[in-house]
Structure formats: structure tokens, C-alpha cells
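# Commentary on secondary and tertiary structure
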Amino acid sequence: MNTTLHRGSRVAHDTMAALSNSYFGKNGLAKAGDEKFADVLNPSTAEVIGSISDLTEKQVDDVVRDANAAQREWYALSALDRAELIHEAGRRVREDQRLIAEILSTETGKPFKESYDEVSWAITAMDYFAEVGRHAIGTVQGPATAGQLHYTIKEPMGTAVIILPANYPIVLSMWTGAAALAAGNAIIIKPSEWATLTTLAFVRAFEVLPAGLVQCVPGTARTSSQLVSHADTHQVSFTGSVPTGRIVAKACADTFKPFIIEASGSDPFIVMPSANLDVAARGAAFAAFINGGQVCTSTEKLIVHTDVYDEFMGKFRKHIAALRVGHPLDKVDVGPMENARELARVTRILERAIEQGAQVTLGGRRPAIADESLASGFFLEPTILEGMTRDMDIYMQEIFGPVVAVYRVSSFDDALDLANGSPFGLGANLYSADIVEIDRANQELIAGMVWINAPLLDNDAGPFGGRKMSGIGRQLGAEGLDTFRHAKFIIVDAKQSEQNFWWFPYDDSEAF
């Protein structure tokens, strides 16, 4: 393995080397199978920084068995004890926050500030669900029959499988994983091959929980398929592409296994004449290019009213032109794309848009970076496409990269129609001071989240999820907790009274 240290600490590089070809199982880190399936590349340099091996089918079976055994032990604890242990795991994550963030930046190309923030968001999700998970585990209903007790309790699913993408491997593991744990489940995390070492570094904090309760298993689609279809896993959470999401949903349907899917987005960002254009331009720059646009809720369709188009775009272009691109451990705003495959995919989308008449008014090429060590990195300039029309292929696609397509509209009706016309419905943004426009946006935008003058904010207490091809189910909030719980309705008649009003024999007076 190439251990040349161009950026970062020796501790991080040594940790990544130690995590290679391993998985986090019942007894902590263990050696995966002998079948290596991928080298881990630093996307900034294309250097090999580790390798990943697939688990054998027996190892996966062992992981599932251990998870179910640990789940029974976990659910037998008090809700208070479970909460305290989740908090303790969160404290351990915070102790290693800088190291985890450095590994995340090195493995995925995310600027260090964003990586550090992501780990923080994971910790807040852990703390939130630790407390919410013990607040209420059911409700008491007014009985339909006098003298009885009618109530509902919420029980864990059992063992939840969490399949992760590379763009936010830490926070997304806890948006679902912390909820699952707080509800009394065990979790098996299947990380992205592009963020495996990061995820393995993160889950070491869960050694304070019962052995086998939290496990992390690298692997190919074979491993994912075995976990999803396994008779002894009980819930699946998947974040990734639409095609793979369909495969997961169909596999779960065979056994009616509950699932949550967050697939894709192509979020609109509407700018109306009443908006504060200085604020809107800066907000749009952030919404479009955080994590190099590799965010499911990234702004991909910038929809600007013609009355303010020129003024707004002048401000917007200045913000994008000022973005610093380079190694994520340097002082930069945008790093490389996650891998060569994603760079090639986005490049094809960009080239097709240009073929169909789009104009590149900024970016569109590999950035000029003086540092020769980054010559092979997977970089693309933050790119603005203008002259967009609805009949271009890109309108119906998820870009998921540092490219934003700008559309000019002449009315708010046109803006809403354009925003709602894609197959996705994850998030939507509006900048406006017009209360009628704001009210209409909240009512008429087809999306799981709507941000008014406050782009891309999340809240652990509020549900996250989409509509249409963006997925099914919700993460975070009370809805996210209930995703990982069964509802059981219970009726108790402590007096064992006879129910004469509806038992046999039926009263003759009630016959036809």
C-alpha cells in the first residue's frame, strides 16, 4: 500500500492502514474474507490508501446471528440504560472527532470543515434519539368497552440493516442507526466502498454497547443482497441510487420486510423579485456546491425570475468564481469528486447538456491547481450552465456533482411548474419576501422538505425524506424513530368479565 504522506497526520494514515481488509463485528475489528474487491483511493491524488475485502457468506451469517443475540440483551435493558450508553458512544465519537473527520476528508474528498461538521451532526442525532427513545413507548386509548384497558406499545423491529452512500457516511449512519438503537434494535451497517475506512473508524466508538449490537460489514452487492434478503434481518434502510433502491424494495417485498429508501434528488431553488439578492446569491452558492454538489438535497435547478435574472446572476457568478478548489485538508471550499466513476458520469451529463444548447458561463473544466501531487485527482470546476430549457436531458436527471443548471422564468406559476416537473421530490427552496408566494410554495411544491430563505438546514427533531422517485419513509424526528418500531395494540380485561353483548349465543331479538 502506498503510504506517501502528502497531507494529513501520520495517525490518520496509520489508522486507515490498520482498518484495511477488516470489519467491525462482535469482538471489535476482525479480518474480513480473503477476497479483496477494491483498493481505497485518495480522490485528491488517486493514490492507494487502503483496500477492502468482501466478507464470506458464513461471516455475514455470523454477523446476523450475533446481532440478534445482542438485540435481545439490549432490549432487556431499561430505556434509561440504553440512553446513557448511546450518549457514551457519542462522547467517544467526539473524542475522536478530528481523526474521523480527517479520514473522511482523505477518503471522500470532502473539505475538512464539512467533515468535522458531519461528525458533529452525527453526535447530535445520537444525543437526540437517546433521549427521544425513552420518552414514550406507547399510548393509552379510551376503551371501547367499559372496565377494560386499551393501550399501544412500540416494540423494536429486531435487527436493522443500514446501507450507506459515500457522500455522508457518518451522519446518515446515525440518522437511521441512532433511531434504530434508541428503539431497541441491533444495527448492521453496510458502508459504501468509497467510505469504508471512514465508517470503520467511526463505529469503534460503539464498543461500549453490548458486543454485536453495532456491526459494520464492508462488501460488494453480494453482501448487501445477503443482508437484505436474510431471514433474520427485520428492517432495511437504504440511501443511494434509484436503480439500487428499486432492487432493495423488491427484495424486501418478497418477505414484506419494512424498508425506508432515500434515493435521489434534483432540488429547485427559486429566486423571486422580492428576494434579498445579496443573501439569495450567497445561499444559492452554498446550496449548489456544498460537498461539491454531491448532496441529495443540492440545488441543481436554479430558477430565477427574469426581472432580477441579470442582477442575481452577476452576484451568483462572483460567489462561485471565488470558491477555492483543492485538497480537502488545505484551506478550500470544494474538494474533488468522490471517485473517477462519478467524475466521468457528471462529465457526460455536462457534455450532453452542452450538445443540447446549454452554455457554460463559468467552470466546466478541470481546475488549474499548481500542486503537482493533485494532478491525478478527480477534480471538476464549480460549473454554471445557463440557457437551460425543460426539454434538455439534464432537467430530468440528478446531477450530483459541482454543476448547477439555471432556468429563467417570467412568473411564479412558471417557477412552480418547473420546480415540480422532475421525477424527484426531495427538497425545494424559495427566496422571497412575498407572503402569498411563500404560502403557495409551502402548499404547492411537491417535496418532502421546503426551505424558505434558509437553504439546506436540517433538524434532528424534524422529518427528512422525499416524495416521488426520491424515496419512501422518513428519517429523523418522531417519524424517524417510529420507522424502527412495531406498534402492538393490547386489550386487557382484568376482571375476566363475560361479554354478553356480543358473544354467542346471539340474542334472538337481533336476528333478521
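Before reading further, recall that the structure is shown in the block above.
Summary of the structure given here.

Reading the values: the criteria
- Each chain carries its own residue numbering, running from 1 in the written order of its sequence.
- Confidence filtering applies because this is a predicted model: local features only for residues at pLDDT of at least 70, side-chain atom pairs given and counted only at 80 or more, and all residues used for totals across whole chains, interfaces and linings.
- With hydrogens and water stripped out, all remaining heavy atoms of the structure feed into the side-chain values.
- Each axis is a line fitted through C-alpha atoms, and for a helix only the stretch in contact is used; angles between axes span 0 to 180 degrees, taken between their N-to-C directions.
- Working definition: helices are DSSP H or I runs of at least four residues, strands are E runs of at least two. Numbering for both runs from the N terminus.
- Angles are sorted into four bins: roughly parallel if under 35 degrees, roughly antiparallel if over 145, roughly perpendicular if 65 to 115, and oblique for all others.
- The contact definition used throughout considers only heavy atoms, calling two residues in contact when any of these lie within 4.5 Å.
- Each patch is built from residues that are more than 30% exposed by relative accessible area and take part in no salt bridge. Like charges join if they lie within 9 Å; nonpolar side chains (Val, Leu, Ile, Met, Phe, Trp, Tyr) join within 5 Å.
- In this description, accessible areas are obtained by the Shrake-Rupley approach with a 1.4 Å probe, and a residue is regarded as covered only by the protein chains that are shown.
- Salt bridges are defined by distance alone: a side-chain nitrogen of Lys or Arg within 4 Å of a carboxyl oxygen of Asp or Glu.
- For each residue, the accessible area found with a 1.4 Å probe, counting protein chains only, is set against the maximum for its type, and the residue is called buried under 20%, exposed over 50%, and partly exposed in between.
- The criterion for strand pairing is that DSSP finds at least two bridges linking the strands in question.
- Rotating anticlockwise by less than a right angle from the far helix to the near helix defines a left-handed crossing, while the corresponding clockwise rotation defines a right-handed one.
- Side-chain classes are defined by residue name, with Ala, Val, Leu, Ile, Met, Phe, Trp, Tyr, Cys and Pro counting as nonpolar, Asp, Glu, Lys and Arg as charged, and the others, Gly among them, as polar.
- We define a polar contact as two N or O atoms separated by no more than 3.5 Å, with the added condition that, inside protein, one atom must be a possible hydrogen donor and the other a possible acceptor, whereas residues neighbouring each other in sequence contribute only through side-chain atom pairs.
- A pair of aromatic rings is counted whenever rings of Phe, Tyr or Trp (Trp by its six-membered ring) have centres within 6.5 Å, and the orientation is called stacked for planes under 30 degrees apart, edge-to-face for over 60 and tilted otherwise.
- Here, a charge over a ring means that NZ of Lys or CZ of Arg falls within 6 Å of the ring centre while also lying within 35 degrees of the ring normal.

Bringing the packing of helix α1 (residues 10-19) against helix α4 (residues 97-108) into the picture now. The contact between α1 and α4 brings their axes to 10 Å, and the two run at 70°. It follows from the interaxial angle that α1 and α4 lie roughly perpendicular. Residues Val11, Ala12, Thr15 and Met16 of α1 lie in contact with α4, whose contacting residues are Leu99, Glu102, Ile103 and Thr106.

This part takes up a nonpolar patch on the surface. Together, Val140, Leu149 and Val492 make up a nonpolar patch on the protein surface, roughly 250 Å² of accessible area in all. Position of Val140 relative to the elements: it lies in strand β5 (residues 138-141). We classify Val140 as exposed; its relative accessible area is 64%.

With that settled, consider the pattern of salt bridges. Oppositely charged side chains may form a pair once their charged atoms are brought near each other. For the structure shown, the criterion picks out 28 salt bridges. A salt bridge links Asp14 to Arg10; its shortest N-O distance comes to 3.8 Å. Residue Asp14 and its partner Arg10 are located together in helix α1, separated by four residues, close to a single helical turn. The shortest N-O distance in the salt bridge between Lys31 and Asp34 comes to 2.8 Å. For the pair shown, Lys31 and Asp34 are each scored as exposed. Each member of the salt-bridge network shares a partner with another, and the members are Lys58, Asp62, Arg65 and Asp66.

Looking now at helix α13 (residues 412-420). By the burial criterion, the buried members of α13 are Phe412, Ala415, Leu416, Leu418, Ala419 and Asn420. At its buried positions, α13 is contacted by β12 (267-271), β13 (299-305), β16 (403-409), β18 (427-431), α14 (435-444) and β20 (467-468).

Attention now goes to the sheet that holds β16. Hydrogen bonds between backbone groups are what pair the strands of a sheet, and the pairing can be parallel or antiparallel. Read across the open sheet, the seven strands follow the order β14-β15-β16-β13-β12-β18-β19; overall the sheet is mixed. Each of the sheet's edge strands pairs with one partner strand only, and the pair in question is β14 (359-362) and β19 (449-452). In this sheet, adjacent strand axes meet at a mean angle of 25° when their direction is disregarded. The pairing of strand β15 (residues 383-386) with β16 spans three bridges and is parallel. Each residue of the ladder has a partner; that of Ile384, found in β16, is Val404. Packing of helix α12 (residues 340-355) onto the sheet brings it into contact with β14, β15 and β16, and relative to β15 it is tilted by some 30°.

At a closest axis distance of 9 Å, the pairing of helix α10 (residues 277-289) and helix α11 (residues 309-321) adopts a crossing angle of 50°. Judged on the interaxial angle alone, α11 and α10 are oblique. The handedness of the crossing between α10 and α11 comes out as right-handed. Residues Leu277, Asp278, Ala280, Ala281, Arg282, Ala284, Ala285 and Phe289 of α10 form the contact with α11, whose participating residues are Glu311, Phe312, Lys315, Phe316, His319 and Ile320. The class makeup of the residues in the contact of α10 with α11 is nine nonpolar, one polar and four charged.

Our next topic: the side chain of Ser22. Looking at the element boundaries, Ser22 is found in strand β1 (residues 22-25). According to the relative accessible area criterion, Ser22 is buried, its value standing at 7%. Of the polar contacts made by the side chain of Ser22, one reaches the backbone oxygen of Leu19; its length is 2.5 Å. Leaving out residues up to four positions away in the same chain, Ser22 has contacts with Leu29, Ala30, Lys31, Ala32, Leu200 and Pro218.

Turning next to the sheet that holds strand β22 (residues 485-492). The strand order across the open sheet built from three strands is β5-β6-β22, with neighbouring strands paired in antiparallel fashion. Looking at which strands have only one partner, the edges of the open sheet turn out to be β5 and β22. Across the sheet, the axes of successive neighbouring strands diverge by a mean angle of 20°, strand direction being ignored. As judged from the eight bridges shared by strand β6 (residues 149-156) and β22, these two strands associate in the antiparallel manner. Paired with Pro156 across the bridge in β22 is Arg485.

Summed over all chains, the structure comprises nine aromatic pairs. Consider the rings of Phe202 and Phe206, whose centres lie 5.7 Å apart with planes at 70°: the pair is edge-to-face. Overall, Phe206 belongs to the buried group, its relative accessible area being 3%. Sitting above the plane of the Tyr395 ring, Lys301 keeps its charged end 5.0 Å from the centroid. Stacked on the ring of Tyr309, the Lys or Arg Arg408 has its end atom at 3.9 Å from the ring centre.

Now for the environment of Ala358. With respect to the helices and strands, the residue Ala358 is situated in the loop between α12 and β14. Spatially, the C-alpha atom of Ala358 lies 39 Å from that of Thr176, the residues being 182 residues apart in sequence. Ignoring any residue separated from it by four or fewer positions in sequence, one finds Ala358 in contact with Ala353, Leu385, Glu386, Met388 and Met392.

Generally, phi is negative for residues other than glycine and the peptide bonds are trans, each holding for most cases. In the segment running from Phe504 into Pro505, the intervening peptide bond is cis, with an omega of -10°. Tracing the chain through its elements places Pro505 in the segment after β22. Even without glycine at this site, Phe256 takes up a positive phi of about 55°. Residue placement: Phe256 occurs in the loop between α9 (242-253) and β11 (259-262). Phi at Leu456 is positive, roughly 65°, even though this residue is not glycine. Note on placement: Leu456 falls in the loop between β19 and β20.

Let us look at the side chain of His150. Within the secondary structure layout, His150 lies in strand β6. Look at His150 and you get buried, because its relative accessible area is 6%. From its side chain, His150 meets the backbone nitrogen of Ala144 in a polar contact 3.5 Å long. Contact partners of His150, with chain neighbours within four places excluded, come to Val140, Gln141, Pro143, Ala144, Thr145, Phe489, Ile490 and Ile491.

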